[in-house]
Amino acid sequence: MKKKVSIKMDEKSVFFSGKFASQYMIIPGYGKIDIVKMSAQNGIRMLNSASGCKKEFIRGIYDLVCHKQFTVKFKNKESGIVFLIDDSICDRKSIVQTIYATAQTAEDACIMQIKQNYIHNRTIKEKLSRLKKAFVLAWQIIRLFGTLTDKLVFLYTALLCSELFGVLDKKMKNSPNLMVMFCETNFVPSIVVQYCRLCEIKTATLQEGVFMEYRGGTNDIYRGIDLKCILSDYFLTWSCYTYDVAVKGGVNKERIHIVGNPRCLLAGNKTQKKNGAYEIFGVALGAGFVLNRENIQLIKMANKLARHLNMRYVIRFHPGEMGVQEQYTNEYYTKNTQISSMSVDDYVNMTDFTIMVSGGLYPELVYRRHRTYKLNIYSVSDQYRDIQWNSFANYKELETLVNNDAELTPEQIEYIVGPDNLEERYRKFFEKFRYH
């Protein structure tokens, strides 16, 4: 196993405390933006990165001046409601499918795709024009509070704003009534939200998998950005549980609408208990970059449980991390263990129950009435640590849950995953924004 790199965080950074106190600057020709909240995602990445991060942002600024450009394309005709797909999610098939499924509930919605391209033939005149913009923006940023690295992040963000604002001006012929993001705090969506605010276009963000309030401590790498930095007019959350978390995280109650998990719009029929006819169970791992130790702990428990029940198990890795996670987990699970890359519905149909580390898969399994037992890791990285039902802290507690076929009550299920009529709820919310 590779030795974990120890990272010394910069406590003077505006991103360190998790407060993300607003600081404003002017994008010439457009207006005032909240540069701290827009920079939060890259700021957090910088805070948790090794020392080469300054060079990365300097290179990013150079590329924006000399080589990078945005392209905006629309699928379907422009309409009252526009859903955004950007580079950060365009390669995640399940997320793209979720966006299209959600857009269908809005009936005549339009899909807008934003990509960043690398060009080699930008003219000297174009480069000088962008360099001039960089100096104008840098002059404002010098006066803002923050470390040198913070200000490099601010400048990178402001240059992206200036570039994308101009492209959106040219491409968006008609102003929609509502712009919908999958996750506002992803970098491009945060810029689009600011553009819409300046153009008086309403915005809504769907709830992404990570949605924790800041709980303090330097180990909380997310710092609550998905709640602290939401500027959209509406936050479309999943359930009463996630509503409670959002309120704790600082989101105004009036902006929150409980509509259900959009991933569950793709769910097949809810499964029924298999009456203990055990054949195979699932082991769902958490995000490897923060939960390596917990994942290994879970696999060791799975090995013991498999021997006890005379069963096999299938491992499901966190999305996009299969190759990475195999490197540090393959020495712990048995050679005949199956690795799952199938859909959630297919996975549920082949497993009797699942043991897992907390993650976005948890509510999807609960929604499908799939028996799911969650490892209590008492970590700032566990967005479901306040849910104690059917959870375990050690092997003995896990064995008791499995032997008793423990299941959640209907009330517990609704609290965790929200209402069953989510398609109707999404349609009702979007109805008032359609062109009529």
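Right above here is the structure, for reference.
In this text the structure is predicted, and so the values were computed from the model without any measurement.

Reading the values: rules and limits
- Residues numbered from 1 in each chain as written.
- Predicted model: local features only at pLDDT ≥ 70, side-chain atom pairs only at ≥ 80, totals over all residues.
- Heavy atoms only, no water.
- Phe/Tyr/Trp six-rings, centres within 6.5 Å; stacked < 30°, edge-to-face > 60°.
- Helix = DSSP H or I, 4+ residues; strand = E, 2+ residues; numbered from the N terminus.
- Buried < 20%, exposed > 50% of the residue type's maximum accessible area, 1.4 Å probe, protein only.
- Lys NZ or Arg CZ within 6 Å of the ring centre and 35° of its normal.
- Salt bridge = Lys/Arg side-chain N within 4 Å of Asp/Glu carboxyl O.

### Notes on the packing of aromatic side chains
Next, step 1: Counting across every chain of the model gives 16 aromatic pairs.
Next, step 2: Residues Tyr241 and Tyr384 carry aromatic rings whose centres are separated by 5.5 Å and whose planes lie at 20° to one another, so their mutual orientation is stacked. Here Tyr384 lies in the loop between β14 (372–375) and β15 (391–392) and Tyr241 lies in helix α8 (residues 240–248), a separation of 143 residues in the sequence.
Next, step 3: Its relative accessible area of 0% is what places Tyr384 among the buried residues.
Next, step 4: The rings of Phe83, Tyr234, Tyr426, Phe429, Phe430 and Phe433 are connected pair by pair, giving a single aromatic cluster.
Next, step 5: Above the plane of the ring of Tyr24 lies Lys32, whose end atom (NZ or CZ) is 4.9 Å from the centre.
Next, step 6: We note Arg316 situated over the ring of Tyr347; from NZ or CZ to the ring centre the distance is 5.4 Å.

### Quick word on the environment of Leu64
Next, step 1: Tracing the backbone shows Leu64 in helix α2 (residues 53–66).
Next, step 2: Remark: the alpha-carbon pair of Leu64 and Tyr156, spanning 92 residues in sequence, is separated by 8.1 Å.

### Comments concerning the pattern of salt bridges
Next, step 1: For the coordinates displayed, the defined rule picks out eight salt bridges.
Next, step 2: Of the charged contacts, one joins Asp420 and Arg369 as a salt bridge, the two residues approaching to 3.3 Å between their closest N and O atoms. With Asp420 in the loop between α14 (410–417) and α15 (422–431) and Arg369 in the loop between α12 (361–367) and β14, this residue pair connects regions lying 51 residues apart in the sequence.
Next, step 3: Note that Arg427 and Glu423 form a salt bridge whose closest N and O atoms lie 3.1 Å from each other.

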